[in-house]
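Summary of structural features
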Amino acid sequence: MLHFTTYFYKCVIRNADVRIKLYHTKSFAYLYKLAAMQQKKKLKNFNNNFNGTLKILGSGAPGTPAFLYLLTDQSNYLFNCGEGTQRLSQEYHCKLSKLTDIFLTTLSWKNVGGIPGLLLTAQDNGLNEVNIHCPEGLNRFIETIQTFTYLPNLKISYPSVYEYEVYKDNVMTVTYVHITKSLKPTEEHSLHMVNEKQCYSNVNGKRVISEKVEINEGKKTKSIPCVICYICEIHPRPGKLAINKCIELGISPGPILSLLKRGLNVTKDDGTIIYSKDVCHPDSSKTTFIVVECPTEEYLDSFLNHPAFLKYQQAGSNEQDEICCIFHFTPEKVFTNQRYQNWIAKFSSKIEHVVINNANSCMGSEAVYKNQYLLNMLHPEIFPLLPKNNIKENKEIKNNHIYRAKAIQTLQVRPTVGSIIQSTIHNEPRTYITKVSEIPDFLNVLNKLKVNIHEKSIELNLDNTSDYPRIIMLGTGCSVPNKVRNTSGILLRVDKNNSILLDCGEGTLGQIIRFYGLSESDNILRSIKAVYISHIHADHHLGLIGLLLRRKQLTSEKLYLLIPTCMIPWLNFYNDRFESITQQYTLVKNSDLYMNQHKLSASFESTLLSFLNVKEISTVFVAHCKQSYGIAVILKDDKKIIYSGDTMFSQNLINLGKDCDLLIHEATMDNGLEMLAKRKLHSTTSEAINAGKFMNAKFTLLTHFSQRYSKIPYLPEKETNVGLAYDYMEIKLPQLPLLPLFYPCIKIMFNEYNKVLDD
């Protein structure tokens, strides 16, 4: 025991020493706690008596990631990682710090779009190593994303995934099953990327860009991707120690019993060998589940005839009853193919099947609906309720053993195997409204707000305002999405048929679908004629590829993509190595629109502005990472809208925004955190408000709030032309003066309500 204690102490100190260099701003207590947590995690791996649950959080519905967790006492395993995985994982308490392995069936965006954000968040939560099992090519993807992410403390390994090779750890054994297209000539093409220096980052400790990127020109890559399915066998639970047999064999209580329980044989002082199997009850039977994807009908022949599956389908096979569930990431078009259905029918009728694909409807998050129900009480038009068709029941499947994926479906697999448990995640609005109404003085303040809104609306003549322009806040949080604030995204609807998207953080497509509903969101995506990316930090552009791919399904019309130059290699890399996207946009560098120094030809700029139905667009450099920009959009009626992106207090932005109608400015840090804001090159609330005053903005809308105070950021009550942004806020310019009226009610609603409902 002394030896073990010494070893543990050394591990903690060694890990702590390393992390002092990497987290020099953290306290030693934090470092010690982090190191102890990592060591405790390692020590748990000696325990075979773990419990395990399969948990579905992402159904694969449009705008929703498709992914599956295996959660155990020791470690967590993730199957596929679509855009938005980290947000749902945190909402439903799937600890990323316990994540040890990620299994990817294909390298399409729907399976890898959440990888960058998830790895960043997992690293921040203390994860220091992870295995990614995947088709060949993800290592280059990870290398390339490190031009705009920073993963210095996370070791990423790629276990070999050869056909029939086995990966084994303390929890399960995984067999890799390769699926290929029907034989056709293999095409190859070169990887072409812009060979220019990437630099980019600040020293602010945020999700930064590395100082260089390696460009390999002329490297060949096969155009036919590989697909991997996974057969996962969870190790049997060891039989319990039979104490009576131990007593009969003369074994005294003590450490020997522990060795025998762990399956080890021991030798008594007289030389007699005591075998573990003789003093333990039999182990439980192993539990097997299978994860499959057949991405197109071209893969059906390989998939349907693969011998790794055939052996589980044979009548009378001993393995047949060991499969508890098959999870299908297969797209609906292939899943409903009669040949695929015949393949399913060959398995035992006792096996349950879960379909995790694009035909599902559950979007997963309960928190966003809860928050919107509450804000809707303040102003039903500015905070409209989210469409219920996003949470409707999935269409029925006649087979009683086939389920469509919904959030929080669970299947216990250890210590015993259960059945699929369905969960209801959305309560009716009255549930939340009733509880918040019980807060002392809330109803009085709410009634007073209604009176003030009515009087202000008459004063502003709001009944006779134009429907456009209008602004929809899709993401108002900073760095990491949380339950109620997604990462940056603002939809500027110039008119019914023309929109501009200002930044596009991870999950922006899902935010659009939640807000408008599935059918109307398609019209909105068609209306987006330009996407502007303020800078290359991950929380401002990771939703772009998913949005482009969805829009590609709806229209062949190109949009204009206004981006910093340093983003071009990333887009080219993804286009050349994964899926075609460059045909979906016309590229415009933000530097070519610099205030009073436009570099675009007169004809090109005229075409651009006419296409967007605006009068003018200009950018300026702002004080954040390299190639960070603010933007001004001047509408045909001369209304001027300024968006800061991420920045410290910036004189350039003030010059750009003189006398604007609306300033949308980041307010990442609360007042009192000026030094932290300066170090991270962000603004405090007061600095953002002062920027609006210096540029004589008619109204300042604060956004990009730190997760420290995501529910209710601080706002000085004396400010009459400043408001707080929330996700799913939809506002017209004449309505802006209503926003300061909401603050007293919001303070009561969230300060007290969170104590009752939110953990």
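Every value quoted in this text rests on a predicted model; they were computed, and no experiment measured them. (Residues numbered from 1 in each chain as written. Predicted model: local features only at pLDDT ≥ 70, side-chain atom pairs only at ≥ 80, totals over all residues. Heavy atoms only, no water.)

**Regarding the confidence of the model for the protein**
Confidence along the protein averages 85 in pLDDT terms, with 84% of residues attaining 70 or more. Counting interchain partners and residues more than four positions distant, the pLDDT-below-50 stretch residues 185-224 has 105 contacts. (pLDDT = per-residue confidence, 0-100. Contact = heavy atoms within 4.5 Å.)

**Brief notes about the packing of helix α5 (residues 115-124) against helix α6 (residues 138-145)**
The N-to-C vectors of α5 and α6 enclose an angle of 65°; their axes lie 11 Å apart at closest approach. Between α5 and α6, the angle falls in the class roughly perpendicular. With respect to the hand of their crossing, α5 and α6 are arranged in right-handed fashion. Contacts from Ile 115, Pro 116 and Leu 119 of α5 reach α6 at Phe 141, Ile 142 and Ile 145. A per-class count over the contact of α5 with α6 returns six nonpolar, no polar and no charged. (Axes fitted to C-alpha atoms, helices over the stretch in contact; angles between N-to-C directions. Helix = DSSP H or I, 4+ residues; strand = E, 2+ residues; numbered from the N terminus. Parallel < 35°, antiparallel > 145°, perpendicular 65-115°, else oblique. Left-handed = near helix turned anticlockwise from the far one by under 90°. Nonpolar A, V, L, I, M, F, W, Y, C, P; charged D, E, K, R; others polar.)

**Let's talk about the sheet that holds strand β29 (residues 700-703)**
Strand order in the open sheet formed by six strands is β25-β26-β27-β28-β29-β30, with mixed pairing between adjacent strands. Taken across any chain shown, the strands that pair with only one partner, and hence form the sheet edges, are β25 (616-621) and β30 (722-724). Between one strand axis and the next, the sheet turns through 20° on average, direction left out of account. In the sheet, strand β28 (residues 662-666) pairs with β29 via four bridges, with the strands oriented parallel. Each bridged residue has a counterpart across the sheet, and for Leu 663 the counterpart in β29 is Thr 700. Lying over the sheet, helix α24 (residues 685-694) contacts β28, β29 and β30, oriented at roughly 155° with respect to β28. (Pairing = 2+ DSSP bridges.)

**A short note on the pairing of strand β16 (residues 352-355)**
Taken residue by residue, a regular strand's side chains alternate between the two faces of the sheet. Residue alternation in β16 divides its side chains into two sets, Glu 352 and Val 354 and His 353 and Val 355, and both sets are buried. When strand β15 (residues 323-328) meets β16, the two strands line up parallel, connected through four bridges. The residue bridging Ile 326 from the neighbouring strand is His 353, located in β16. The sheet contact formed by β16 and strand β17 (residues 402-404) spans three bridges and is parallel. Across the sheet, residue Val 355 finds its bridge partner in β17, namely Arg 404. (Buried < 20%, exposed > 50% of the residue type's maximum accessible area, 1.4 Å probe, protein only.)

**Some details on the pairing of strand β5 (residues 129-133)**
Where strand β4 (residues 99-103) and β5 come together, three bridges link them in parallel fashion. For Ile 102, the partnering residue across the bridge sits in β5 and is Ile 132. Bridge analysis of β5 against strand β6 (residues 155-157) gives three bridges, and the strand direction is parallel. In the sheet register, Val 130 faces β6, and the bridge partner there is Ile 156. Tracing the backbone out of β5, into α6 and back to the parallel element β6 gives a crossover that is right-handed. (Right-handed = clockwise from strand over helix to strand, strands pointing away.)

**Let's talk about the nonpolar core**
Among the nonpolar cores identified, the biggest contains 164 residues, and Phe 141 and Trp 570 are the most heavily contacted of them. Beyond its immediate chain neighbours, meaning those up to four positions away, Trp 570 contacts Trp 109, Phe 141, Thr 144, Ile 145, Phe 148, His 541 and Ile 545. Listed in part, the 32 residues of the second largest apolar core include Ile 56, Phe 103, Ile 228 and Val 354. (Core = buried A, V, L, I, M, F, W, Y, C linked by side-chain atoms within 4.5 Å.)

**Here's the deal with helix α15 (residues 429-437)**
If you check which residues of α15 are buried, you get Pro 429, Tyr 432 and Val 436. For α15, the arc enclosing every buried residue in end-on projection is 80°, short of the 170-degree limit, so these residues lie on one face. (Arc of directions from axis to C-beta.)

**Observations regarding the pattern of salt bridges**
The final tally for this structure, using the stated rule, is 16 salt bridges. Across the pair Glu 298 and Lys 181 runs a salt bridge, and its minimum N-O distance is 3.7 Å. Here Lys 181 lies in the loop between β8 (172-179) and β9 (188-190) and Glu 298 lies in the loop between β14 (287-292) and α10 (300-304), a separation of 117 residues in the sequence. Accessibility expressed as a relative area gives 24% for Lys 181, which makes it partly exposed. A salt bridge links Arg 470 to Asp 467, with the nearest nitrogen and oxygen atoms 4.0 Å apart. Take Arg 470: its relative accessible area is 16%, and that puts it in the buried class. Taking relative accessible area as the criterion, Asp 467 reaches 44% and is therefore assigned partly exposed. Connected through salt bridges with shared partners, the residues Asp 467, Arg 470 and Glu 730 form a single ionic network. (Salt bridge = Lys/Arg side-chain N within 4 Å of Asp/Glu carboxyl O.)

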